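Examination of the molecular architecture
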Amino acid sequence: MLTVYVDFKSPASYLALQPTLALIARYGVETTWRPFQTVERDVPAVKAVEEVGERHRRVRAQSERQTHERYAEVQGIELQFRSPPTPTDLALGALAMLKDAQGPFMQRAFEAYWSTDADLNDLDCVYALLAAVDAATDQVSEHALRNALQVSQLKAEDKGVVDAPAYLIADQIFIGRQHLPWIEEILQQTPVD
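Residues numbered from 1 in each chain as written. Predicted model: local features only at pLDDT ≥ 70, side-chain atom pairs only at ≥ 80, totals over all residues. Heavy atoms only, no water.

Looking at the nonpolar core
Of all hydrophobic cores here, the largest spans 46 residues; its most connected members are Phe 8, Phe 105, Leu 120 and Ile 183. Among the secondary structure elements, those contributing two or more residues to this core are β1 (2-6), α1 (11-27), α3 (89-97), α4 (102-115), α5 (123-132), α6 (142-159), β3 (166-169) and α7 (180-189). It is α4 that contributes the most residues to this core, 7 residues altogether. Dropping the residues within four chain positions of it, Leu 120 is found in contact with Phe 8, Pro 87, Thr 88, Asp 89, Leu 90, Ala 91, Ala 109, Ala 112, Tyr 113, Cys 125, Val 126 and Leu 129. (Core = buried A, V, L, I, M, F, W, Y, C linked by side-chain atoms within 4.5 Å. Buried < 20%, exposed > 50% of the residue type's maximum accessible area, 1.4 Å probe, protein only. Helix = DSSP H or I, 4+ residues; strand = E, 2+ residues; numbered from the N terminus. Contact = heavy atoms within 4.5 Å.)

Quick look at the packing of aromatic side chains
What the rule picks out here adds up to 7 aromatic pairs. Their ring planes at 0 degrees and their centres at 5.7 Å tell us that Tyr 14 and Trp 114 sit as a pair that is stacked. Of this pair, Tyr 14 sits in helix α1 while Trp 114 is found in helix α4, placing the two residues 100 residues apart along the sequence. By relative accessible area, which is 2% here, Trp 114 ends up buried. Ring centres 5.2 Å apart and planes at 70 degrees place the aromatic pair Tyr 113 and Trp 114 in the edge-to-face group. Members of the aromatic cluster, each reached through a chain of ring pairs, are Phe 8, Tyr 14, Phe 81, Phe 105, Phe 110, Tyr 113 and Trp 114. In this arrangement the basic side chain of Arg 177 is found over the ring face of Tyr 71, its NZ or CZ atom lying 4.3 Å from the centre. (Phe/Tyr/Trp six-rings, centres within 6.5 Å; stacked < 30°, edge-to-face > 60°. Lys NZ or Arg CZ within 6 Å of the ring centre and 35° of its normal.)

Focus on the sheet that holds strand β2 (residues 31-35)
On the basis of which strands lie adjacent, the open sheet formed by 4 strands has the order β2-β1-β3-β4 and mixed pairing. Of all strands in the sheet, those with a lone pairing partner are β2 and β4 (172-175), marking the two edges. Here the average twist between neighbouring strands, direction ignored, is 20 degrees. Relative to β2, β1 is paired through 5 bridges, and the arrangement is parallel. Its bridge partner lying in β2, Tyr 5 is registered against Arg 34. Of the strands in this sheet, β1, β2 and β3 touch α1, which is tilted by about 165 degrees from β2. Along the sheet, α4 contacts β1 and β2; its crossing angle with β2, the most-contacted strand, is approximately 45 degrees. (Pairing = 2+ DSSP bridges. Axes fitted to C-alpha atoms, helices over the stretch in contact; angles between N-to-C directions.)

A word on helix α2 (residues 52-75)
Taking 1.5 Å of rise per residue, 24 residues should cover 34 Å, and α2 covers 35 Å from first to last C-alpha, within 8% of that figure. Taken together, the buried positions of α2 are occupied by Arg 58, Ala 61, His 68 and Ala 72. The inward-facing, buried residues of α2 contact α1. Looking one or two residues beyond α2, the residue adopting positive phi is Gly 76, at roughly 75 degrees. (Expected span 1.5 Å × (residues − 1).)

What to know about unusual backbone geometry
The omega torsion across Ser 83 and Pro 84 is -5 degrees, close enough to zero to call that bond cis. Positionally, Pro 84 belongs in the loop between α2 and α3. Of the consecutive residues Ala 164 and Pro 165, the connecting peptide bond is found in the cis state with omega at 5 degrees. Secondary-structure assignment places Pro 165 in the loop between α6 and β3. Residue Asp 117 is not a glycine yet carries a positive backbone phi of 60 degrees. Within the element layout of this structure, Asp 117 appears in the loop between α4 and α5. Even without a glycine there, the phi angle at Asp 171 is positive, about 60 degrees.

This is the structure we're talking about:
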């Protein structure tokens with residue numbers, strides 16, 4: 001059993017999607033997708049006079065964005081960064097509430113955020129995503145979505161999740177897609193029932 005934690009506004013989560021899906025397909029591993037609310041920051045603008053700390057944050061953010069762009073280019077993905085990044089709380093809450101169709105919903109939500117500039121914090125948009133995967137929208141209110149996200153977030157943090165993407169397998173937490181080879185090694189050693 002593999003649990004994958006994602007945030008739709010996280011470029012690292014989006015870039016991990018295809019390699020993670022490929023790994024899941026190779027091993028036929030049962031997977032649960034869970035939301036994890038990250039803090040995404042915009043690249044700060046250059047100031048005429050910058051303190052050392054401000055310059056460091058700006059250069060680090062620029063470097064991180066360039067790294068994401070390089071990985072996206074390798075995967076043939078065009079990233080449309082928003083300035084500033086917009087919240088995805090309601091869509092994350094929907095992912096937390098879903099029992100079935102987690103994978104299709106999650107893939108559609110990523111595509112909506114990164115390719116069509118959809119507002120994943122808009123209830124109508126979330127309803128449309130849910131309807132697209134034949135998930136019921138009755139009993140789905142803004143309050144219920146926010147509550148589901150909050151509960152899921154606390155559970156994830158209790159397990160040691162601090163960022164997304166994160167992977168829980170064999171009682172181990174791995175933060176970041178760079179651990180996929182290690183996760184694959186665990187899957188290779190796991191007997192199939």
